[in-house]
Amino acid sequence: KQWYQRRVRAIAGYPMVDIKAKVFDGSMHDVDSSQVAYEVAGSLALKEAAKICKPVLLEPIMKVEVVVPDEYYGTVLGDISSRRGMIDGEEQRGNAKVIRANVPLSTMFGYATDLRSNTQGRGNYTMVFSHYNHAPKSVTEEVIKKRQK
């Protein structure tokens, strides 16, 4: 069932997902038709399609909620933006600001330490998976370079 994921890898060796294909013609012969033959034909077709269709690398995006005292709001907002975060919204909660954003997971490593440093230990955050999104070209190139080593 998942034969294409084992045989066809488009970018940096990662499997392709969300593929839609239509078979327009085919035939069955007693001598040379088998499940393996169809899998090989499908694999070759996907390899050819991968060259043409310009696949993209997907990266996990996390839904992040950060709670910080008002005086650190600008610093924390700038830090989220520097991590390629997209601000979803904000609200006042007592004398603290709540910032909601979508941020790529790859940029969130070390965030707890940075948040503590930026807020003198008074900020906190939660993070849950949200969705996958196309990785920027620079990130894709970096991943490919690392995987080639």
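Now for a look at the structure at hand. (Residues numbered from 1 in each chain as written. Predicted model: local features only at pLDDT ≥ 70, side-chain atom pairs only at ≥ 80, totals over all residues. Heavy atoms only, no water.)

Here's the deal with the overall build of the protein chain
Applicable threshold: Helix and strand assignments follow DSSP, with helices taken as H or I runs no shorter than four residues and strands as E runs no shorter than two, numbered in order from the N terminus. Our radius of gyration looks at C-alpha atoms and nothing else; its globule reference is 2.2 Å times the residue count to the power 0.38. Here, two residues are considered to be in contact whenever any of their heavy atoms come within 4.5 Å of each other. Under the convention used here, a 1.4 Å probe and the Shrake-Rupley method define accessible areas, while residue burial counts only the protein chains that appear. Only four residue types enter the charge count, namely Lys and Arg as positive and Asp and Glu as negative; His and the chain termini do not. Here the site of a charge means atom NZ of a Lys, CZ of an Arg, CG of an Asp or CD of a Glu.
What the protein chain contains, in helices and strands, is five helices and six strands. Over its C-alpha trace the protein chain gives a radius of gyration of 23 Å, far above what one expects of a compact globule, namely 15 Å for 149 residues. Taking contacts inside the protein chain between residues at least 6 apart in sequence as the whole, the part at least 24 apart equals 71%. Surface exposure of the protein chain reaches about 10,400 Å², of which carbon and sulfur atoms provide 54%. Here the protein chain contributes 22 positive and 17 negative side-chain charges, whose respective centroids are spaced 4 Å apart.

Brief notes about the nonpolar core
Convention followed: Throughout, nonpolar core names a set of buried Ala, Val, Leu, Ile, Met, Phe, Trp, Tyr and Cys residues whose side chains join them through atoms within 4.5 Å. Accessibility here uses a 1.4 Å probe with only protein chains present; expressed as a share of the type maximum, an area under 20% marks a residue as buried, one over 50% as exposed, and anything in between as partly exposed.
If you look at the biggest cluster of nonpolar residues, it comprises 14 residues, and the most contacted ones within it are Val66, Val76, Ile80, Ile99 and Tyr111. Listing elements by their share of this core, those giving two or more residues are strand 3 (58-69), helix 3 (73-82), strand 5 (96-104) and helix 4 (111-119). Of all the elements, strand 3 adds the most residues to this core, at four residues. Setting aside chain neighbours within four positions, we find Val66 in contact with Val76, Ile80, Lys97, Val98, Ile99, Tyr111, Leu115, Asn124 and Tyr125. In this structure, Ile11, Ala12, Leu57 and Ala135 belong to the second largest nonpolar core, which totals five residues.

Describing the side chain of Thr119
Keep this limit in mind: We define a polar contact as two N or O atoms separated by no more than 3.5 Å, with the added condition that, inside protein, one atom must be a possible hydrogen donor and the other a possible acceptor, whereas residues neighbouring each other in sequence contribute only through side-chain atom pairs.
Mapping Thr119 onto the fold places it in helix 4. Within the local environment of Thr119, its side chain forms a polar contact with the backbone nitrogen of Gly123, the two atoms lying 2.9 Å apart. Excluding residues that lie within four positions of it along the chain, Thr119 makes contacts with Val68, Tyr72 and Val76.

Details of the sheet that holds strand 5
Stated formally: Think of it this way: DSSP has to see at least two bridges between two strands before they count as a pair. Angular values range over 0 to 180 degrees, each being the angle between N-to-C directions of two axes fitted as lines to C-alpha atoms, with helices fitted over their stretch in contact.
Strand order in this open sheet of four strands is 4-5-3-6, and the pairing throughout is antiparallel. Edge positions in the sheet fall to strand 4 (86-93) and strand 6 (124-134), since each of these pairs with one other strand and no more. Direction aside, neighbouring strands of the sheet carry axes that sit 15 degrees apart on average. Bridging between strand 3 and strand 5 involves nine bridges; their strand directions are antiparallel. Bridged to Val68 within strand 5 is Lys97.

Here's the deal with a nonpolar patch on the surface
Put simply, the rule is: The patches reported here contain residues having more than 30% relative accessible area and no salt bridge. Joining distances are 9 Å for like charges and 5 Å for nonpolar side chains (Val, Leu, Ile, Met, Phe, Trp, Tyr). A carboxyl oxygen of Asp or Glu within 4 Å of a side-chain nitrogen of Lys or Arg is what we treat as a salt bridge.
Where nonpolar side chains cluster on the molecular surface, the patch consists of Val17, Val56, Leu58, Phe129 and Tyr132 and spans about 470 Å² of accessible area. Since its relative accessible area comes to 46%, Val17 is described here as partly exposed.

A short note on the pairing of strand 5
Burial analysis of strand 5 places eight of its nine residues in the buried class, the great majority of the element. Bridge analysis of strand 4 against strand 5 gives seven bridges, and the strand direction is antiparallel. In the sheet register, Arg93 faces strand 5, and the bridge partner there is Ala96. The turn joining strand 4 and strand 5, which pair antiparallel and follow one another in sequence, is formed by two residues; a positive phi near 65 degrees is taken by Gly94.

A look at the layout of surface pockets
The cut-off we apply is this: Cavities and pockets are defined on a 1 Å grid built over the protein atoms alone: a cavity is a set of grid points where a 1.4 Å probe fits but cannot escape, while a pocket is an open set with protein on both sides within 12 Å along at least five of seven lines, and lining residues are those with an atom within 4 Å of any such point. Grid points are joined across faces, edges and corners, and a volume is the space filled by probe spheres set on the points. Residues are grouped as follows: nonpolar covers Ala, Val, Leu, Ile, Met, Phe, Trp, Tyr, Cys and Pro; charged covers Asp, Glu, Lys and Arg; every other residue, Gly included, is treated as polar.
Put simply, the largest pocket is a space of about 1,100 Å³. At the level of elements, helix 1 (3-7), strand 1 (9-11), strand 2 (14-15), helix 2 (35-53), strand 3, strand 6 and helix 5 (137-148) are the ones that each hand at least two residues to the lining of the largest pocket. Considering each element in turn, the lining of the largest pocket owes the most residues, seven residues, to helix 2. Here the residues of the lining of the largest pocket are counted per class, giving 28 nonpolar, five polar and five charged.

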